[in-house]
Amino acid sequence: MFKKATSFIIAPSLLIVACDSQSSIGSEEDDGGFLWKVESGDTTVYLQGTVHIGHEDGYPLNAAIEDAFEQSDVVLPEIDINNIDQREVNELQSDQTYPEGTTLEDDLSAEHYEKLEEILDGTGADLHVRQHDLPFVMTSLLHGLQRQDGEYTHEHGVDQYFLNRAEEKDKEIRALESYEVYYEADQLVPHETHVTLLEEEIDNFDESEEGSNASVELWWAGDPDALADAFEYTPAEEEYYAITGEYRDGLMADQLVDILEKDSGQTYFVIVGGSHFVNTLNPTIIDFLEEAEYTVEHVY
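Residues numbered from 1 in each chain as written. Predicted model: local features only at pLDDT ≥ 70, side-chain atom pairs only at ≥ 80, totals over all residues. Heavy atoms only, no water.

### Overview of the nonpolar core
The biggest cluster of nonpolar side chains holds 45 residues, and the ones touching the most others in it are Leu47, Phe162, Leu256, Phe269, Val270, Phe277 and Leu289. No other element matches the 6 residues that helix H11 (residues 235-262) contributes to this core. Excluding its chain neighbours within four sequence positions, the residues that come into contact with Leu256 are Val45, Leu47, Leu76, Leu176, Val270, Ile285 and Leu289. Membership of the second largest hydrophobic core comes to 25 residues, among which are Leu104, Leu127, Phe136 and Leu142. (Core = buried A, V, L, I, M, F, W, Y, C linked by side-chain atoms within 4.5 Å. Buried < 20%, exposed > 50% of the residue type's maximum accessible area, 1.4 Å probe, protein only. Helix = DSSP H or I, 4+ residues; strand = E, 2+ residues; numbered from the N terminus. Contact = heavy atoms within 4.5 Å.)

This is the structure:
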């Protein structure tokens, strides 16, 4: 079964896939990822779908992707993860808590609460300290804990790769989103749905890393249609992604339409999670651009 993560603090749009697959990282046949292009006058916008974790042996990527980056004047990530205002993030997160007198224990089943406590104890975290966090904040924490160790890491994620290179080449970096947007999107989802998603995450915690590793390998195969067709969701996941996906994709697409309409003559390189271009639950960034009557070309 294929799933996508709900980790907005660590990895907002990570495609997670639980399946059997052989690693293609660093192979000569599969150079990874998928890339689209939109043009308006003298302005070009490249759309690079990413995964937020990766392997150091996976680079460089396909020549078409590398060339698009080299041509770009401006890099547009979801978040500029090299320049995060951690104090702002902490302040936003501190507001995402239960009303006084209630905690996670009031929403989770006794079994799930006990298992959550065991998970956190095993990673050095303390549920007593975090019990006032709302369910979607705890879900994000669990995703971060899963990626502390392992073969694939955020350090070698595709976004990180391009942001580091953009800084080295002194390219302009302009984030399309903020952590405030992530929280706004999550607050559109019913509380009960977040509780269900957290319980599902707790149930699948031990298997999630294997699934995210497989997602990287499928991303490297570079077939967005096959990836989109492979997704399966629980009802709670369907509701979550339909709501948050449309909200976030619409806001990012609005900014890209504005760039295309202004026609500055520059070349832009968008790096956002692949799910913002490939999914079957909500209009994607590509759908919004086509609705605005722009032609989106699949380059790779």
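### Some remarks on helix H3 (residues 110-123)
A rise of 1.5 Å per residue sets the reference length of H3, with its 14 residues, at 20 Å; its end C-alpha atoms lie 20 Å apart and thus fit the reference within 8%. Looking only at H3, the buried set comprises His112, Tyr113, Leu116, Ile119 and Leu120. Take H3 and look down its axis: the buried residues cluster within an arc of 120°, on one side only. Along H3, exposed side chains directed more than 90 degrees from the buried face belong to Ala110, Glu111, Asp121 and Gly122. Just past H3, the residue Gly124 takes up positive phi, approximately 90°. (Expected span 1.5 Å × (residues − 1). Arc of directions from axis to C-beta.)

### Looking at the packing of aromatic side chains
Each aromatic ring pair is characterised by the separation of its centres together with the angle its planes make. Overall, the coordinates contain 11 aromatic pairs when judged by the stated rule. An angle of 20° between the planes, with centres 4.1 Å apart, marks the rings of Tyr59 and Tyr161 as stacked. One end of the pair, Tyr59, is in the loop between strand E4 (43-50) and helix H1 (63-71); the other, Tyr161, is in helix H6 (residues 158-168), and 102 residues separate them in sequence. Of the two residues, Tyr59 and Tyr161, neither departs from the other in class, the shared state being buried. Each ring, one from Tyr233 and one from Tyr241, has its centre 5.9 Å from the other, and the planes form 55°; the classification is tilted. Pair check on accessibility: Tyr233 and Tyr241 agree, each one buried. Every member of this aromatic cluster is reached through a ring pair, and the members are Tyr59, Phe69, Tyr161, Phe162 and Phe269. (Phe/Tyr/Trp six-rings, centres within 6.5 Å; stacked < 30°, edge-to-face > 60°.)

### Side note on the sheet that holds strand E8 (residues 296-298)
Judged by pairing direction, the sheet is mixed, and its 6 strands sit side by side in the order E6-E5-E7-E4-E3-E8 without closing on themselves. Whereas interior strands pair on both sides, the edge strands pair on one side only; in this sheet they are strand E6 (172-173) and E8. As paired strands, strand E5 (residues 74-77) and E6 are joined by 2 bridges and run parallel to one another. Looking across to E6, one finds that Val75 is bridged to Ile173. H6 rests against E4, E5, E6 and strand E7 (267-273) of the sheet, and its axis sits at about 150° to E7. Across the sheet, H11 lies against strand E3 (34-40), E4, E5 and E7, angled at about 155° from E4, the strand it touches most. (Pairing = 2+ DSSP bridges. Axes fitted to C-alpha atoms, helices over the stretch in contact; angles between N-to-C directions.)

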